[in-house]
Structure formats: structure tokens, C-alpha cells
Amino acid sequence: MIRKLSYQLNTFSVQNAKMEKSKMNEIDTTYRKWIKELKSQIKSAQIKASIAVNEEMLLLYWNIGKDISEKHFDTQYGTGFFDNLSKELKESFPESQGFSVTNLKYMKRFYLFYKEIRHQIGDEFENSLFVIPWRHHIEIFTRSKSVEEALFFVQKTKENGWSRAMLINMMDTKFFETKGNSINNFTMTLPKCESECA
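The rules we used
- One numbering rule holds for all chains: residues counted from 1, following each sequence as written.
- A pLDDT threshold of at least 70 governs which residues receive local features in this predicted model, and a stricter bar of 80 or more applies before side-chain atom pairs are shown or counted, although totals over entire chains, interfaces and linings include all residues.
- The basis for every side-chain value is the complete set of non-hydrogen atoms in the structure, without hydrogens or water.
- Helix and strand assignments come from DSSP, with helices taken as H or I runs of at least 4 residues and strands as E runs of at least 2, each series counted from the N terminus.
- Residue count minus one, scaled by 1.5 Å, sets the expected span of a helix.
- Note on exposure labels: buried denotes an accessible area under 20% of the residue type's maximum, exposed denotes more than 50%, and partly exposed covers the range between, all computed with a 1.4 Å probe on protein chains only.
- Here a pair means two rings of Phe, Tyr or Trp (six-membered ring of Trp) with centres within 6.5 Å. Their orientation is stacked below 30 degrees between planes, edge-to-face above 60, and tilted elsewhere.
- Within this scheme, the nonpolar core is defined by two criteria: the residues are buried Ala, Val, Leu, Ile, Met, Phe, Trp, Tyr or Cys, and they are joined through side-chain atoms within 4.5 Å.
- The contact rule is simple, with two residues in contact once any of their heavy atoms fall within 4.5 Å.
- N or O atoms closer than or at 3.5 Å make up a polar contact, with two conditions inside protein: a donor-capable atom paired with an acceptor-capable one, and, for residues adjacent in sequence, both atoms drawn from side chains.
- This arc describes the spread of directions from the helix axis toward the C-beta atoms.
- Definition used for salt bridges: Asp or Glu carboxyl oxygen within 4 Å of a side-chain nitrogen of Lys or Arg.

### Focus: helix 8 (residues 147-160)
Taking 1.5 Å per residue as the helical rise, helix 8 with its 14 residues ought to reach 20 Å, and the 20 Å between its terminal C-alpha atoms agrees with that figure. All of the buried residues in helix 8 are Glu149, Ala150, Phe152, Phe153, Val154, Lys156, Thr157 and Asn160. A positive phi of about 65 degrees marks glycine 161, the residue just after helix 8.

Given below as C-alpha cells:
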């Protein structure tokens, strides 16, 4: 009887251990699934935050370029204007980047390059222009021969998620000039980002 009781107790312990292990596996699976979903949510929020920060930064750069252009401080104060402005902004915002002399001059060029189309595009201006990173914009407006070409590359960069290196490559290969001139079925047979590169 003691043996039988001992055997039943032992069997119960083994079954209990198996149930515990099964529960732990269920919990582990549920936990891993939750962690995967959580990571996806975090990544999505980070991307959205990054896009929002980029849009605000581009709007700021646009407004700085506009003010420099319209107030004519650079012509009133001469060659030292950009040096002084850079120094003042860096002192006031030491944790911020983007206020170098070169970048301030790019802000002015950014505004001057696109200002004529601001009213043509209207409310969609910010949505169509402030959607790619600043360094991409610099490559585009310093290399493009026209606003039409620049907007083409902004749109293609947005559609295809081009890196700056890919953008430069597409500009160097005269993609704008040759767009649509070759007959192929790449857009129908390849994924969108690969069809542009083929």
C-alpha cells in the first residue's frame, strides 16, 4: 500500500511537472508573441516620430532660409553674416546640430530654389516636399537643373525609400532625362523599389 501510494504520488508529480512545463511553454509562447508585437509597435512609433521630427526640421530650415532671403541680412551685414548667425545659434542651442555656416547657406538655397512653386502646389507643398531627409534635399537641389527635376527625385525617393547613395546614383545615371524612354516590363514584373533600379 505504501508502494502504491508512493507510485501514485510519483506519477502525480511527473504529470504535474509535465503540466507545469506545458503551461510554461504556453506562457513563453504568449510572451514571445507579445514581445514581437511590442517591438513592432515601438519601431513603428520611432519611425513616425522620426518622420515628424524631419518634417518640423525641414519646415524650420525653410523658414530660416526664407527669413535670410527676404530680410536681406546677408547683403546688409556682408560676408560675416553667416559666421555670426552660426555662432549665435550654436551658443543658444549647443545640443542642436545643423547651424553650421554651410548648412545656413543651404537653407537659403533651399528656400530660393523652391519658393516659386510654393503657391502653385498650395496646401500640398509641405506634404510633397518635406517628406525626405535634409541631406537628400541638399543633393537634389544642388544637382538638379530645374524644379521639375528636383520634384521628380523627391517623389521617387519618397516612393522607393532611396538611400542617399541610391539617390546620387540615380542622379548620376541621368534617370530623370531617361525616365520612360526605354521600353521594358520592369514595373509590372519586379517589386516597385527594384523596378526603378533595373
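### Details of the packing of aromatic side chains
Here a ring pair, both rings aromatic, is described through the centre-centre distance and the interplanar angle of the planes. Under the criterion given, the structure shown has 21 aromatic pairs. Linked through ring pairs, Tyr61, Trp62, Tyr106, Phe110, Tyr111, Phe113, Tyr114, Phe130, Trp134 and Phe141 together constitute an aromatic cluster.

### What to know about the nonpolar core
Counting residues in each nonpolar core, the largest one holds 34 residues, and the members touching the most others are Phe110, Tyr114, Trp134, Ile140 and Phe153. The greatest single-element share of this core, amounting to six residues, is contributed by helix 4 (residues 101-114). Setting aside its immediate chain neighbours within four residues, isoleucine 140 contacts Tyr114, Ile132, Ala150, Phe153, Val154, Thr157, Leu167 and Met171.

### Topic: the side chain of asparagine 103
For asparagine 103, the location among the structural elements is in helix 4. Separated by 2.7 Å, the side chains of asparagine 103 and tryptophan 134 make a polar contact. In this structure, asparagine 103 is in contact with Tyr61, Gly98, Trp134, Arg135 and Ile138, ignoring residues within four places of it in sequence.

### Some words on the side chain of threonine 157
Residue position: threonine 157 is located in helix 8. On the accessibility criterion, threonine 157 (3% relative accessible area) is buried. A distance of 2.7 Å separates the side chain of threonine 157 from the backbone oxygen of phenylalanine 153, its partner in a polar contact. Setting aside chain neighbours within four positions, we find threonine 157 in contact with Ile132, His136, Ile140, Trp162 and Leu167.

### Looking at helix 9 (residues 164-172)
What helix 9 keeps buried is the set Leu167, Met170 and Met171. Viewed along the axis of helix 9, the buried residues span an arc of 100 degrees, placing them on a single side of the element. Downstream of helix 9 by a residue or two, lysine 174 has a phi angle that is positive, lying close to 60 degrees.

### So, the pattern of salt bridges
Side-chain pairs of opposite charge can arise whenever the charged atoms involved come near each other. All chains considered together, the criterion is met by six salt bridges. The residue glutamate 139 makes a salt bridge to arginine 143 at a minimum N-O spacing of 2.9 Å. Within this pair, glutamate 139 and its partner arginine 143 are both found in helix 7 (residues 134-143), separated by four residues, close to a single helical turn. With relative accessibility at 16%, the residue glutamate 139 sits in the buried group. One salt bridge connects glutamate 159 with lysine 156, and the closest N-O pair in it is separated by 3.6 Å. Of this pair, glutamate 159 and lysine 156 are both found in helix 8, three residues apart, which corresponds to roughly one turn of the helix. Beyond isolated ion pairs, a larger network of salt bridges with shared partners links Glu139, Arg143, Arg164 and Asp172.

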